[in-house]
Amino acid sequence: MKEGRFMRRLLLVSVASAFCLNVSAWDATLRLDYIFSGTDREASISLDGMSSYPVWAGRNVNMDSVPVQGCGQLTMKSVSGEEVLYRTSFSTLFQEWQATEEATRVRRSFENVFLAPMPVEKVQVTVELFDFHGNVSASLTHIVDPSDILIRPVGRHPAQFEYLWQGGSCENCIDIAIVAEGYTEQERESFLNDAGAAMEAIFSHEPFASMKDRFNVLAVPLISEDSGVSIPRMGEWKNTALAACFDTFYTERYLTTLRLRRMHDALAGIPFEHIVILANTGTYGGGGIYNSYTLTTAGHPLFKPVVVHEFGHSFGALADEYYYDDQFVEYYYPDVEPWEKNITTMADFQSKWKSMMGQNGVSLYEGGGYQSTGVWRGAENCRMKSNDVEGFCPVCQEALKDMILFYTEQR
């Protein structure tokens, strides 16, 4: 990447929080809002809006590559298309929904928000979605002109935040925002305690424990009018900061928010690149979407292992290793190697943990990715399989380590 293509300016920030901090941050952020819509058989992408923040907390290395393919990618290139300036991969709720029965009989749309470095000249941005066979199912290319008067500048948001842990500068570290959902003003201290517990749970696991100095963690106590979150099957609907809701896709324990624009509006200008949302409820559930967010319940006894598991999805791009064989359609096929590093269909096992076989119990155990057959994992048990195991298996630890290095060291 040519440094001159992105703004390099040092900003001194005064943060309105219990611990007023001065934070040095690099660059500026271009926020791109899209609408993904379609059915089980087709998809389309529409640009919904653009804005800018006076801070860039994303990675400053390996800007032109991705650590895994993901279910989709956003690529920023020079207008000529000859030079890749920035690339990121992701997963979406829209593509999960496409695999449901509902998608066979109704068309739906989903919000999606992506953050990229703000260019100083015109660039070409392409967003692509991939189907379960790795083929492009939808694509949109458009020009972004940083002088466009309709790119809305957003100043520093008045939302309070405080650092729970600082391993270094925003420029050099992976910045995680732990965000309150369903906490009232009177429950602010409860959230801060829960945020500290979530951070400690993540850092109690390898490789996060030994690589802790590569992270910054901040707590954002967003205030909700109601305490708790919505549980439609029980007729409970709450007015909360991020509109989190159980019963996503009619699955009882699947807790998500579909209001990504609201979430990013609330966090605008705060230095983060990964989001962990804590829901103030004792009902069991959660969700983790790669490069979007983790959402889990802070009041349940299994809170700590679940937040680590979901962070394995949203940060580490790890697949679920359990299986129920109750999916409406399968996600994994024998002729396609999954892009997640912790499962394999044996289509290209050489690219997975073949070199680790026989070490620390690493082998091939059939069952994973919701399927009991045709998909293999690397260990008998793992944090990505169950809540009653000590930690991540060696295969997942290696994948997480690779992800941390991708964000913090030039390849």
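Being a predicted model, the structure only gives us computed values, none of them experimental.

The rules behind each value
Residues numbered from 1 in each chain as written. Predicted model: local features only at pLDDT ≥ 70, side-chain atom pairs only at ≥ 80, totals over all residues. Heavy atoms only, no water. Helix = DSSP H or I, 4+ residues; strand = E, 2+ residues; numbered from the N terminus. Rg over C-alpha atoms; globule rule 2.2 N^0.38 Å. Buried < 20%, exposed > 50% of the residue type's maximum accessible area, 1.4 Å probe, protein only. Contact = heavy atoms within 4.5 Å. Areas by Shrake-Rupley, 256 points an atom, 1.4 Å probe, with all protein chains shown as cover. Lys, Arg positive; Asp, Glu negative; His and termini not counted. Charge placed at Lys NZ, Arg CZ, Asp CG, Glu CD. Pairing = 2+ DSSP bridges. Axes fitted to C-alpha atoms, helices over the stretch in contact; angles between N-to-C directions. Salt bridge = Lys/Arg side-chain N within 4 Å of Asp/Glu carboxyl O. Phe/Tyr/Trp six-rings, centres within 6.5 Å; stacked < 30°, edge-to-face > 60°. Lys NZ or Arg CZ within 6 Å of the ring centre and 35° of its normal. Polar contact = N/O pair within 3.5 Å; in protein donor to acceptor, adjacent residues only side chain to side chain. Expected span 1.5 Å × (residues − 1).

Below, the discussion takes up the overall build of the protein chain. When its secondary structure is counted, the protein chain shows five helices and 19 strands. Whereas a compact globule of 411 residues would reach a radius of gyration of roughly 22 Å, the protein chain reaches 20 Å, a difference of no more than 12%. Once the C-alpha set of the protein chain is aligned to its principal axes, its extents read approximately 55 × 50 × 45 Å. Evaluated residue by residue, the protein chain yields a buried proportion of 57% over its 411 residues. Within the protein chain, counting contacts between residues at least 6 apart in sequence, those at least 24 apart form 64% of the total. As displayed, the protein chain offers around 16900 Å² of accessible surface, 48% of which is attributable to carbon and sulfur atoms. Positive and negative side-chain charges in the protein chain, numbering 33 and 53 respectively, have mean positions lying 3 Å apart.

It is worth spelling out the sheet that holds strand β8 (residues 123–130) at this point. Sheet strands line up and pair through hydrogen bonds in the backbone, either parallel or antiparallel. Pairing is antiparallel in the open sheet, where four strands are placed in the order β6-β5-β8-β9. Each edge of the sheet is formed by a strand with only one pairing partner; in this case those strands are β6 (84–90) and β9 (136–144). Sheet twist, expressed as the mean angle between neighbouring strand axes with direction ignored, is 15°. Where strand β5 (residues 72–78) meets β6, six bridges bridge the pair, whose relative direction is antiparallel. Paired with glycine 72 across the strands is phenylalanine 90, a residue of β6.

Another aspect to go through is the pattern of salt bridges. Tallied over the full model, the rule gives 14 salt bridges. Notably, a salt bridge pairs arginine 108 with glutamate 102, separated by 3.4 Å at the nearest N-O pair. Judged by relative accessible area, which is 27%, arginine 108 ranks as partly exposed. Each of Arg31, Asp33 and Asp265 takes part in a single network of salt bridges with overlapping partners.

Let us now look at the sheet that holds strand β17 (residues 343–344). Strand order in the open sheet made by the three strands is β17-β19-β18, with antiparallel pairing throughout. Each edge of the sheet is formed by a strand with only one pairing partner; in this case those strands are β17 and β18 (365–368). Summarising the sheet, β18 and strand β19 (residues 371–377) pair through three bridges and their orientation is antiparallel. The residue bridging glycine 368 from the neighbouring strand is glutamine 371, located in β19.

Another aspect to go through is the packing of aromatic side chains. One pass over the full model with this rule turns up 29 aromatic pairs. Centre to centre, the rings of phenylalanine 311 and phenylalanine 315 are 5.2 Å apart; their planes meet at 5°, and the pair counts as stacked. The exposure classification of phenylalanine 311 matches that of phenylalanine 315, with both residues buried. Positioned above the aromatic ring of tryptophan 165, the side-chain terminus of lysine 212 is 4.2 Å from the ring centre.

Now for the environment of histidine 205. Mapped onto the elements, histidine 205 comes out in the loop between α2 (188–203) and β13 (215–220). Owing to a relative accessible area of 9%, histidine 205 belongs among the buried residues under this scheme. Placed 187 residues apart in sequence, histidine 205 and phenylalanine 392 show a C-alpha to C-alpha distance of 7.3 Å. Discounting chain neighbours no more than four positions away, the residues touching histidine 205 are Val308, Arg383, Glu390, Gly391 and Phe392. A polar atom in the side chain of histidine 205 sits 3.1 Å from the side chain of serine 204. Among the polar contacts listed, one links the side chain of histidine 205 to the side chain of arginine 383, at a separation of 3.3 Å.

Moving on, we get to the side chain of arginine 31. The topology assignment puts arginine 31 in strand β3 (residues 29–38). With a relative accessible area of 4%, arginine 31 lands in the buried category.

It is worth spelling out the side chain of histidine 264 at this point. Following the sequence through the fold, histidine 264 ends up in helix α3 (residues 260–267). Those residues in contact with histidine 264 that sit more than four places away from it in its chain are Arg31, Tyr53, Val113, Leu115, Phe272 and Ile275.

Each α-helix winds once per 3.6 residues, and so residues spaced three or four apart point in a common direction. Its 12 residues place the ends of helix α4 (residues 303–314) 16 Å apart at the C-alpha level, agreeing with the 16 Å of an ideal helix rising 1.5 Å per residue. Counting buried residues in α4 gives 11 out of 12 residues, a clear majority hidden from the surface. Those residues of α4 that sit buried are Phe303, Pro305, Val306, Val307, Val308, His309, Glu310, Phe311, Gly312, His313 and Ser314. Buried residues along α4 sit against β12 (174–181), α2, β14 (274–279), β15 (286–289) and β16 (293–297).

In this section: α2. Relative to the 22 Å expected for 16 residues at 1.5 Å per residue, α2 spans 23 Å between its end C-alpha atoms, a close match to the ideal helical length. Of all 16 residues that make up α2, 12 are buried, and the element is covered over most of its length. Looking at α2, one finds that the buried residues are Arg188, Phe191, Leu192, Asp194, Ala195, Gly196, Ala197, Ala198, Met199, Ala201, Ile202 and Phe203.

As a further point, take the environment of valine 113. If you trace the backbone, valine 113 turns up in strand β7 (residues 108–117). C-alpha separation for the pair valine 113 and tyrosine 293, spaced 180 residues apart in sequence, amounts to 11 Å.

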